[in-house]
Amino acid sequence: MIKECPHWNQVLSTANHGSHLFDEFETRATNAAATVYRVKTAIEARETLLQFIKSANVTKVVAVESKLQQAANINEAINTLGITVYTDPHEIALHAESADIGISGVEFGIAESGSVCQDAYTVESRLVSTLPPIHVVFLNSTNIVPGIEDAMNILSKTYDRGYISFITGPSRTADIERVLTVGVHGPSRLIIIAVDEEV
Amino acid sequence: MEGKHRDIKQEIEQKLNDDILRQALARFAEAYPQSRAKAYENVADIEALRDSVKQMKEHTVANLEAIVDQFEAEAQKRGAKVFRAATGDELKQYLINLCHEKGVKRIVKSKSMASEEIHLNAALEAAGLRVKETDLGEWIISLAGQKPSHMVMPAIHLNRQQVAEYFSQELQQDIQPDIPLMVQVARENLREEFLQADLGITGANFGIAENGAIGLVTNEGNARLVTTLPRIHVVIIGYEKLIPTIKDAAPILRTLPRNATGQCLTSYVSMISGQVPTLVKKDNQWVEANKALHIILLDNGRLKAAKDEKFKQIFQCVRCASCLNVCPVYLLVGGHVYGHIYSGGIGAILTAFLNSQGDFEAINELCIGCRKCTTICPGKIDIPGLIEELRIRSVTENGLPFTIRTVFDNILSNRKVFHSLLRVASLTQKPFKSGEFIRHLPLFLAGLTKDRSLPAIADTPLRDKITNITKKLDNPTKKVAFFSGCNIDFVFPATGESVYKVLQDLNVQVVFPEDQSCCGKPIIGMGDLETTKKIAKRNIKAFEKAEVDYIIAACPSCTETLHATYADILADDPAWAERAKNFTAKVREFSQFVAKQYEQTGRLNKETPGGVKITIHDSCHMKRVLNIHEEPRKLLESTPGYELVEMKDCDKCCGMAGAFGMKYPELSLPLLKQKIQNAKDCGAQVIAIGCPACMMQLRGGVDKQAPEISVKHIADILADTIKK
């Protein structure tokens, strides 16, 4: 997949980051109504996702591939449940609106706010994360930076052109009587599957 | 000058009777400070963070031209078309031409206050285009045919029943007033609009010169759809949103969501630099193409402000609207009254530059100058100061209304005439007076005395008592001059006597320069700079003759005016600048001065608790201009017979605010009522105060509402403990 920045991990390795920040990240992400799973291996990540899919009455999935998804053969595994996964950009464009789940990787997490940073250069990465009611992201649990300032410092080294998104929990509104309601235009659920194993 | 036609008084009355609005704002006022505080719990140094926003923006506006050029060049390099629109009309024409040229029929928008500012939707619709707001609040407002009443929560004034009615009308079906259901209805209806749209319009929370990126800070996810689905993306960005570098976005992202909605970060922050890929349907096939990106930089008054020494501050605004969320007046009447397109204090200032002076003048008096907003604004904008400056400019340009000018010219700027009139007033009010308060004013003033008694002018002003209360001290440690201010001189002379008693008890010689007059605060508050200068010079002269170590005032507004305003307004006058500086250097506020003396002489000891419960009302100018709030507490804790208790919102405006309380009693009284209620709730029997204007307001309030509570100036409380 084309990205705004082809070498995120390289840049991250020069920044203050690490799994010691994960607990803070998890707390903040959970406060923002995201669901966080932390697993050790890519295989466990796959099983966690399959469990979730089985429980969520899913019939259609759109996914942009990440290294981790490929390493754990995640799409094939979803297929074995009898569920179609669309990964081709044109197919994603056709099916994202009616899919139940969109899947993508994200580059890093921000402990201060519980956000994840998505390199959203390609249109399909944006479609899978905006149109379906559930967005599942895979994140390496060591790729957590302390704060928003650190995140912008990383972007200042990588971000030349393209589309970057910080995503913090599900889509939300409080525009009627200041009552918090999720899932207004984007997903009503954000599932973060954080994997310790480096892939 | 459409603003001149507004009947603000009538609008206020209408909103005060709008129970839905009142309840919504009251609930919000209650919840906001807590949710903001919670969002900042993991920020180590909020002040430093605010400073970094301020400094970054100051740097930007100082180098604006270069930063605009860089932003334009970098965006163009990445495939964007950049258009600089001088006015709203230019912007509209560009956009309409673009739509015609590209065969655009349907437009979706995410939130853009700049488009509200120039009434963009109406122009697009008139050109035959279908335009849909997709931010839920903005959509509701557009269905209702209204203007936003808050910059972040545009529909805060509506309840679910009203929203359900607008939805039912629009969709021609019966929509139940159930919030999750209505959100779902909006999702389904607007989803279709996103999918069908040819062009998406967004605003921008920031624009980065370094790489030509624009940033969008949203919660609903509509901006991501607006920027992803249609084949053309148009950004409308005001010049004030530009920042130099990617890193400079950090302080904005760390303050804007926390201040606006109490979130560490909003659900989505999207940054778009240059053209990004999109899929377009060609011959029934999806083909990848670069999305057309048009960035329109809107001036409409902004560049003029950028060059203005004072008003370049508006570039420090990140549009979080937190100044509204703590504004006592906004929280009573909402943004339809206190606002034009942009609401509240910052809204009033933006209105003057981006809309018209007339629209500003219609609402400018609603800023009571309590300065609460200045304590939380991420960009540290001096909102009340800028409003006062706008008033000054308006008066300099257009003069004051004839009657007020007559009063200022002939009465206030002439001490003898002013003081003779006050003496006459003390006689003529007799028929209406009972005890210390005027209880029955003539009928036409009836509105003013409802729920509040007005104080009477004292029989003998302080200046006539000076000889009797002055002690000749043999070996005084210091010599000070007392600046009484009008209130202590003519309404509360007893408090002036207390000041003398406390200071003389400290072995401080006190003198009273006879030629002193009003400090000028109410006059500069009306924007009359010239009269204020005259008064300042007269007062400086009067005190120079006294040759004292310090000048003491027991009124925070007088202290502020003597201490800060005089030096400021006379700085450019070569004959007076130095004299003003020497004068202001000597000015001290009473409780601060006394607390220091007590501390030095070992009198600041915490007594054993117990006794009469006493609470402190922190006057706006005492706390937020002079930064004095610990000293009065230390003094009271050391006063035998009292137990200090704190009331809720102890530093919220009591509603007096100079002439505001008299001109807008309908707004002043609810603020007063709440204050007295808070004092009652904490069980206080005495409210201690450092400001005679607040004392006037609160004494009148307890007289009607809680006669069991007494209101005392700190000087009176201290004087009571001194024998003799």
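In this text the structure is predicted, and so the values were computed from the model without any measurement.

Moving on, we come to the confidence of the model for chain B. For chain B, per-residue confidence averages 91 on the pLDDT scale, and residues scoring 70 or more make up 93% of the total. Here the complex is predicted with pTM 0.92, and the ipTM for its interfaces comes to 0.98.

Of all hydrophobic cores here, the largest spans 284 residues; its most connected members are I192 of chain A together with I349, I551 and A553 of chain B. Top element by residues in this core is helix α16 (residues 344-355) of chain B. It accounts for 7 residues. Excluding its chain neighbours within four sequence positions, the residues that come into contact with I349 of chain B are I314, I383, L386, I387 and L390 of chain B.

Right, let's talk about the interface of chain A and chain B for a bit. Contacts between the two partners involve 45 residues from chain A, matched on the other side by 53 residues from chain B. Among the elements of the structure, α6 (89-95), α7 (123-130), α8 (148-158), β9 (162-167) and β10 (172-173) of chain A are those that each provide at least two residues to the side of chain A that touches chain B. Taken together, the residues of the side of chain A that touches chain B sort by class into 17 nonpolar, 17 polar and 11 charged. Examined bridge by bridge, β9 of chain A and strand β9 (residues 268-273) of chain B share 6 bridges and lie antiparallel to one another.

All names here are of chain B. As a packed pair, helix α29 (residues 590-600) and helix α31 (residues 630-637) sit with axes 9 Å apart at the nearest point and diverge in direction by 50 degrees. Accordingly, the angle class assigned to the pair α29 and α31 is oblique. The two elements α29 and α31 cross, and the hand of that crossing is left-handed. Contacts from S591, Q592, V594, A595 and Y598 of α29 reach α31 at E631, P632, K634 and L635. For the contact of α29 with α31, the residue count by class is 5 nonpolar, 2 polar and 2 charged.

Attention shifts here to the pairing of β9 of chain B. Residues and elements named next belong to chain B. Of all 6 residues in β9, 6 are buried; the element is thus mostly enclosed. Along β9, one buried face is formed by Y268, S270 and I272 and the opposite face, lined by V269, M271 and S273, is buried too. One ladder, built from 6 bridges, connects strand β6 (residues 213-218) with β9; its direction is antiparallel. Residue pairing across strands places T218 opposite Y268, the latter belonging to β9.

All right, on to helix α33 (residues 665-681) of chain B then. Residue and element names in this part refer to chain B. Between its first and last C-alpha, α33 extends 24 Å over 17 residues, near the 24 Å set by a 1.5 Å rise per residue. For α33, the complete set of buried residues consists of L667, S668, L669, L671, L672, Q674, K675, I676 and A679. Looking at the buried residues of α33, the elements they touch are α1 (8-16), α15 (330-333), β20 (612-617), α32 (660-663), β22 (686-689) and α34 (692-705). One or two steps after α33, the chain reaches G683, where phi turns positive at roughly 80 degrees.

About the cut-offs
Residues numbered from 1 in each chain as written. Chains lettered and ligands numbered in written order. Predicted model: local features only at pLDDT ≥ 70, side-chain atom pairs only at ≥ 80, totals over all residues. pLDDT = per-residue confidence, 0-100. Core = buried A, V, L, I, M, F, W, Y, C linked by C-beta atoms within 7 Å. Buried ≥ 20, exposed ≤ 12 C-beta atoms within 10 Å, placed from the backbone. Helix = DSSP H or I, 4+ residues; strand = E, 2+ residues; numbered from the N terminus. Contact = placed C-beta atoms within 7 Å. Nonpolar A, V, L, I, M, F, W, Y, C, P; charged D, E, K, R; others polar. Pairing = 2+ DSSP bridges. Axes fitted to C-alpha atoms, helices over the stretch in contact; angles between N-to-C directions. Parallel < 35°, antiparallel > 145°, perpendicular 65-115°, else oblique. Left-handed = near helix turned anticlockwise from the far one by under 90°. Expected span 1.5 Å × (residues − 1).

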